[in-house]
Amino acid sequence: MIFKFIKATLLATFTLVSVGVSGQDLLARQAPIDRKLKAVDSLALIRQIKAEKAAYPAYSLYPNWSNERVHAFGSAVEIPDSFRIDLRGFSMPTNQTKITSNFGPRWRRMHNGIDIKVYIGDTIRAAFDGRIRMVKYERRGYGKYVVIRHENGIETVYGHLSKQLVGEDEYVKAGEPIGLGGNTGRSTGSHLHFETRFLGQAINPAYMFDFENQDIVADSYVFYRRGSRLTPTTSGNSIMMADADRASIKYHKVRRGDTLAVIAKKNSTSIDALCKLNRITRRTTLRPGQILRCS
Ligand SMILES: [Zn+2]
């Protein structure tokens with residue numbers, strides 16, 4: 001009985017204290033604020049989805065979102081004739097610069113990526129903003145690996161990691177650590193196996209990333225579809241051909257102190273040829289970061 005009384009008194013006191021003048025005011029406002037927040041929430045969500053579709057049209061190129069397979073698209077995917085991949089906003093996946101194996105046929109099978117010497121524990125970073133599609137382990141293949149789908153349309157694969165630092169479906173920013181270098185899976189000696197894919201089609205990462213100079217090759221890379229009329233090839237073997245065509249065009253990113261003479265010499269061409277290719281004159285001022293076509 002006494003307890004009940006104390007409880008009632010306490011409650012009354014508490015109520016009096018908490019619902020003072022300002023307290024009542026707060027309570028009265030509580031509900032509308034709640035509703036308002038909810039409205040803002042869904043508006044923000046709609047806005048985010050819209051922004052995602054507009055800013056990252058590449059996301060809608062992909063027919064599905066699956067955590068199961070690296071090559072999850074098969075014939076369901078419609079590959080455009082050509083697609084410009086924006087490389088700005090990149091981050092180098094590793095600050096190591098030594099390529100130990102190039103993209104291309106190797107030991108009678110296709111090496112779909114590039115191998116960069118890294119040491120166990122080296123930080124491996126997301127190449128662009130994106131969303132983590134896979135965090136998996138393949139004993140006879142990639143080892144511990146991460147696949148990211150990027151807003152610019154490509155997917156990147158990071159293999160042989162010693163540790164994965166992200167979870168599937170998470171969003172990451174370019175440069176965010178996603179794993180540590182390692183030697184897991186089919187690997188002899190620690191290295192990073194790095195792939196760049198567009199709708200599942202492997203593209204030589206060296207056409208986009210210059211590991212030696214820790215830079216991108218150009219501001220964008222244009223992907224041409226197999227058999228695309230834009231691709232001047234008559235053989236059916238086309239992505240390789242398209243890549244080869246693309247590879248025969250050399251670009252130079254202007255660095256501080258570069259002159260046309262230096263760039264011409266570096267790329268075994270002439271100043272006149274550079275001027276003609278880039279529609280500039282010998283007196284044009286070069287800006288650091290400017291991309292010049294050299295062949
Ligand atoms: Zn490899």
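Residues numbered from 1 in each chain as written. Predicted model: local features only at pLDDT ≥ 70, side-chain atom pairs only at ≥ 80, totals over all residues. Heavy atoms only, no water.

1. Details of the coordination of the zinc ion
Each angle at a metal carrying four tetrahedral donors should ideally be 109.5 degrees, and each at a metal carrying six octahedral donors should ideally be 90 or 180 degrees. The line we're drawing: Each metal's donors comprise the N, O and S atoms found within 2.8 Å of it (within 3.2 Å for Na, K or Ca). Water is not part of the atom list, so some coordination spheres may appear incomplete. Partly exposed residues are those whose accessible area sits between 20% and 50% of the maximum for their type, while under 20% is buried and over 50% is exposed, using a 1.4 Å probe and protein chains only.
At 2.0 to 2.2 Å from the zinc ion lie its protein donor atoms, namely His 111 (NE2), Asp 115 (OD) and His 193 (ND1). Classification of His 193 by relative accessible area gives buried; the value is 7%.

2. Some details on the pairing of strand 7 (residues 130-138)
Short version of the rule: In this description, strands pair whenever DSSP reports at least two bridges between them. Only DSSP runs of H or I covering at least 4 residues are called helices, and only runs of E covering at least 2 are called strands; the numbering of each starts at the N terminus.
As paired elements, strand 7 and strand 11 (residues 171-172) share two bridges and run antiparallel to each other. Across the sheet, Gly 130 pairs through a bridge with Val 172, a residue of strand 11. Here strand 7 folds back onto strand 8 (residues 143-150), and the loop between the two strands holds four residues.

3. A look at the packing of aromatic side chains
The geometry of two aromatic rings is summed up by the distance between their centres and the angle between their planes. Going by this rule: Stacked, tilted and edge-to-face are the three classes assigned to paired rings of Phe, Tyr and Trp, where Trp is represented by its six-membered ring and a pair needs centres within 6.5 Å; plane angles under 30 degrees give stacked, over 60 edge-to-face, the rest tilted. Cation placement over rings: the criterion is NZ of Lys or CZ of Arg within 6 Å of the ring centroid and within 35° of the ring normal.
Within the structure shown, the criterion is met by nine aromatic pairs. A ring pair is formed by Phe 194 and Phe 209, whose centres lie 5.4 Å apart and whose planes are at 85°; its orientation type is edge-to-face. A residue pair is termed long-range when its members are at least 10 positions apart, and Phe 194 in strand 13 (residues 191-198) and Phe 209 in strand 15 (residues 209-210) qualify at 15 residues. Like Phe 194, the residue Phe 209 is buried in the burial classification. An aromatic cluster of at least three residues, connected via ring pairs, comprises Phe 128, Tyr 158, Phe 194, Phe 209 and Phe 211. If you follow Lys 117 out to its NZ or CZ, it ends over the ring of Tyr 119, 4.9 Å from the centre. Positioned above the aromatic ring of Trp 65 is the side chain of Arg 131, whose terminal nitrogen or guanidinium carbon lies 4.5 Å from the ring centre.

4. Considerations on the sheet that holds strand 6 (residues 123-125)
The sheet built from three strands is open, its strands ordered 6-12-10 with antiparallel pairing. Taken across any chain shown, the strands that pair with only one partner, and hence form the sheet edges, are strand 6 and strand 10 (163-164). Two elements, strand 10 and strand 12 (residues 177-180), share two bridges in a ladder whose sense is antiparallel. Looking across to strand 12, one finds that Lys 163 is bridged to Leu 180.

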